[in-house]
Amino acid sequence: MKYILWFTMIMMGVLCNANTCNIKKDTDGFIWILKDNSINRYDGKHLKLYLSDLKNASLFSDNRNRIWVATTDGKLFYYDTFSDCYKAVKGIGQTEQIYTIDNNNNFWFGIRNELHIYNPDMKKVYQFKLNYGRVLTVLPLSSDKYFVATSSGLYLFRFSHGVMTCISKELSRGKCTHITQLCYHSESKKLFIEDEEAGLSVYECTINRFSTINTRSFSSSIACIRCFDEESILAITNNAMVYRLNISDYNGHLYADVNLYSSDVQYIHGIRDVWVDERKRIWLVDNPLGIMVIDELPMKCNWMQHEQKTRLQAEITDQRLHRIYCINHQRCHPEKGTYIANVSGTSLVWHSRSVSKKSPEKYPSIYLDELIIHNHRIYPGEKNSPLKQSLRHTKVLPLSYDENTFTIKAVSPAFDYPSDLVYTWKLGNGEWSEPSTEGNITCTNLSPGKHELCVRTLSAESGEPIDQRNILIMVRPPFWKTSGAYTIYSFLSILLGLGILKRTTLKTKVDTFPETEDKKEETPKEISYTNPKKNSDIEFMEKVDQLIEENLTLSKININKMAGVMHMSRTSFYNKVKTLTHQSPQEYIHNYKMQRAVHLLSAEKDVRISEIADALGFADLKYFRLVFKKYHGVSPSDYKKQHDKEKNG
């Protein structure tokens, strides 16, 4: 049985207009997806943004399995798992093309007929001007040998100790001068070449023989070639047809046709990259569709419902069965799949909710991924951050007393059936929580002291534990509950006791004096009473409104700075605003901005929605509309139309 897991990546509306161009998998099992302008990590359910504003970039992994991003303007970034972020390293400046990274961690860049080789570990740059025309692509063969395709043909070079030497004649006999793809099959020692004009060819390294492969049966020109297994390679055409070619005789057959999924809609495909993982799943990066995953497994279906509502009862064995389902930015729904079967040369398409599921070859590990305090994600290395390194590598998490309410996000990269994994957790010797498909753990008002948090993944079907992570959480007590504070309390109690004793002694002496008969009875003076507490609260909120107004254009007003201006701690400031408004400071600020937005929409006739968003610190117009609609029930434009209509009516 073979099925295709097809999905279009849509993340907060930003993936729709970006062309996905590269994909890699790290040692922890996460999939990294590089678009034209950003890089995201995919765990089977969610996309997590790391870098943006990247142009003409490529994604690589080095011999230490680090993930790298290189751009044509010379920027280099690598993913640091201990800080959970990408760190920049010094690049080499502007280039035209990024070719590859070799086994020695050398990056190969190109400018016309020049090769620039840069090693970020050694901080060395080598530049070579080749007399073989424009460099088209480079493919490492070994630690010091490289296939280099130029506008004059294909050559084998040696690069060692900073010296570049051509060690072969032109290998394609002058037939390949527009090479777009190189693929080396290590088991057979054959180099497969895709040329815009010559088509698909093969160079047998052991016998020094070049030959052309017949691809007339292919439906379109080849966009990408990749090794599949010891006996075959894959050739993916520009119209998203996947062909599998035998290494021995180069005979090929259609392996998968992605167009059957979208037969009612005709897409112009753009295959940008292909990656085959360790389970022989094929990840196709297709513009504009996104990413399609092809996986072939044995499976039997006894009952199938055809899309024309006719029923077919058949035992399918040794047939091609494609199961297709979509993944959005929230979760995948494998139960709601579309199936394509090839039975006796006929393609059948139907939908089914009751199908056999494949068991994962190996259950993924669980990781503690994010720490959120007061609706703010905490990053390692930030000022006053409790994280010294990423939460994934943190064993002891120290928190202050005002950070005792928090959320930890756990993830487990699963791509076959993410819903088969559920999360449960407990604190100390408490009970395990109810299993959930989302790994969000929220702890509220933890008392000062040590708390061991245990997070576990379970099989949704059997309930058996799969993996577990533990982290020790240490909540520091507030100052008034520390030993130093108790020392001060004891000292003040002694002083207070001495004061009371002294006053009692003095009163006893005064009481011994006789009262005078002519002592006049004093009449109490009239006391004028006001409510200073109420007035101070009004002044406090007026000062808060003034601070918000002064920082209205900021996208995120710093609560710590507001508390500092008010000469209060963050906790005191938070509690007072919450008491007076029944809202957190951040909620109050959002509410203030939304009321301000209503005022601007009502007062200004020709004002633009984007101008109001900028004035209120919303850089993203779409986010402003979402927040406005959440508070007022309608979009800003609809609100303005209603207001203008009521005003003119």
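Criteria and cut-off values
Residues numbered from 1 in each chain as written. Predicted model: local features only at pLDDT ≥ 70, side-chain atom pairs only at ≥ 80, totals over all residues. Heavy atoms only, no water. Helix = DSSP H or I, 4+ residues; strand = E, 2+ residues; numbered from the N terminus. Buried < 20%, exposed > 50% of the residue type's maximum accessible area, 1.4 Å probe, protein only. Contact = heavy atoms within 4.5 Å. Areas by Shrake-Rupley, 256 points an atom, 1.4 Å probe, with all protein chains shown as cover. Pairing = 2+ DSSP bridges. Axes fitted to C-alpha atoms, helices over the stretch in contact; angles between N-to-C directions. Salt bridge = Lys/Arg side-chain N within 4 Å of Asp/Glu carboxyl O. Phe/Tyr/Trp six-rings, centres within 6.5 Å; stacked < 30°, edge-to-face > 60°. Parallel < 35°, antiparallel > 145°, perpendicular 65-115°, else oblique. Nonpolar A, V, L, I, M, F, W, Y, C, P; charged D, E, K, R; others polar.

Chemist: Would you explain the overall build of the protein in this entry?
Modeler: Scanning the protein from N- to C-terminus turns up eight helices and 41 strands. Residues counted as buried form 44% of the 649 residues belonging to the protein. In the protein, the proportion of contacts linking residues at least 24 apart, taken out of those at least 6 apart, comes to 49%. When the accessible surface of the protein is summed, it comes to about 35800 Å², and 49% of that surface belongs to carbon and sulfur atoms.

Chemist: What am I meant to see in the sheet that holds strand β41 (residues 465-475) here?
Modeler: Paired through their backbone hydrogen bonds, the strands of a sheet run either parallel or antiparallel. Pairing is mixed across the open sheet formed by four strands, whose spatial order is β36-β41-β40-β38. Edge positions in the open sheet fall to β36 (396-399) and β38 (421-427), since each of these has one partner strand only. Adjacent strand axes in the sheet meet at a mean angle of 25°, parallel and antiparallel pairs treated alike. As judged from the seven bridges shared by β38 and strand β40 (residues 449-459), these two strands associate in the antiparallel manner. Paired with Leu421 across the two strands is Ser459, which belongs to β40.

Chemist: Help me understand the pattern of salt bridges in this model?
Modeler: Where charged atoms from two side chains of opposite charge approach closely, those side chains can pair. Counting across every chain of the model gives 22 salt bridges. Here Asp369 ties to Lys48 by a salt bridge, and the two come within 3.0 Å at their closest N and O atoms. In this pair, Asp369 is assigned in strand β34 (residues 367-373) and Lys48 in strand β5 (residues 47-52), connecting sequence segments 321 residues apart. Just as Asp369 is buried, Lys48 falls in that class too. A salt bridge links Arg226 to Asp273, with the shortest nitrogen-to-oxygen separation between them at 3.0 Å.

Chemist: For this particular structure, what's the right way to read the pairing of strand β27 (residues 282-286)?
Modeler: One face of the sheet, then the other: side chains in a regular strand alternate in exactly this way. Burial analysis of β27 places five of its five residues in the buried class, which makes it a mostly covered element. Along β27, one buried face is formed by Ile282, Leu284 and Asp286 and the opposite face, lined by Trp283 and Val285, is buried too. With five bridges joining them, strand β26 (residues 271-276) and β27 adopt antiparallel strand pairing. Bridging across to β27, Ile271 finds its partner in Asp286. Counted along the chain from β26 to the antiparallel partner β27, the turn is five residues long, and its residue Lys280 has a positive phi close to 65°.

Chemist: Help me understand the packing of aromatic side chains in this model?
Modeler: Ring pairs (aromatic) are described by centroid distance and by the angle formed between their planes. Overall, the coordinates contain 27 aromatic pairs when judged by the stated rule. Centre to centre, the rings of Phe192 and Tyr250 are 6.1 Å apart; their planes meet at 80°, and the pair counts as edge-to-face. With Phe192 in strand β19 (residues 190-195) and Tyr250 in the loop between β24 (241-246) and β25 (252-257), the pair connects residues that are 58 residues apart, well separated along the chain. Judged on exposure class, the residue Phe192 and its partner Tyr250 are both buried. With 6.1 Å between their ring centres and 50° between their planes, Phe624 and Phe628 make a pair best called tilted. On the criterion of helical spacing, the pair formed by Phe624 and Phe628 is a turn pair, its members being four residues apart in helix α7 (residues 621-632). The same class applies to Phe624 and to Phe628, which are both buried. An aromatic cluster is built from Phe60, Trp68, Tyr78, Phe107 and Phe109, whose rings are joined through pairwise contacts.

Chemist: Help me understand the environment of Leu141 in this model?
Modeler: Relative to the elements of secondary structure, Leu141 occurs in the loop between β14 (135-140) and β15 (145-150). Given the relative accessible area of 27%, Leu141 is considered partly exposed. For Leu141 and Leu191, which are 50 residues apart along the polypeptide, the C-alpha to C-alpha distance reads 9.6 Å. Ignoring any residue separated from it by four or fewer positions in sequence, one finds Leu141 in contact with Tyr146, Phe147, Leu156 and Tyr184.

Chemist: Could you clarify how one ought to interpret the pairing of β24 in this entry?
Modeler: Where strand β23 (residues 232-237) meets β24, five bridges bridge the pair, whose relative direction is antiparallel. Bridge pairing links Leu234 to Arg244 in β24. Between β23 and the antiparallel strand that follows it, β24, lie three residues; Ala240 among them carries a positive phi value of about 65°. Relative to β25, β24 is paired through five bridges, and the arrangement is antiparallel. Each bridged residue has a counterpart across the sheet, and for Leu245 the counterpart in β25 is Gly252.

Chemist: Which parts of the structure should I look at to understand the packing of helix α5 (residues 585-603) against α7?
Modeler: Helix packing for two helices is described by the angle between their axes and how far apart those axes are. The N-to-C vectors of α5 and α7 enclose an angle of 95°; their axes lie 10 Å apart at closest approach. Considering the angle they form, α5 stands roughly perpendicular to α7. Where α5 abuts α7, its residues Glu587, His590, Asn591, Met594, Gln595, Ala597, Val598 and Leu601 lie against Tyr623, Phe624, Val627, Phe628, Tyr631 and His632. For the contact of α5 with α7, the class distribution of residues is nine nonpolar, four polar and one charged.

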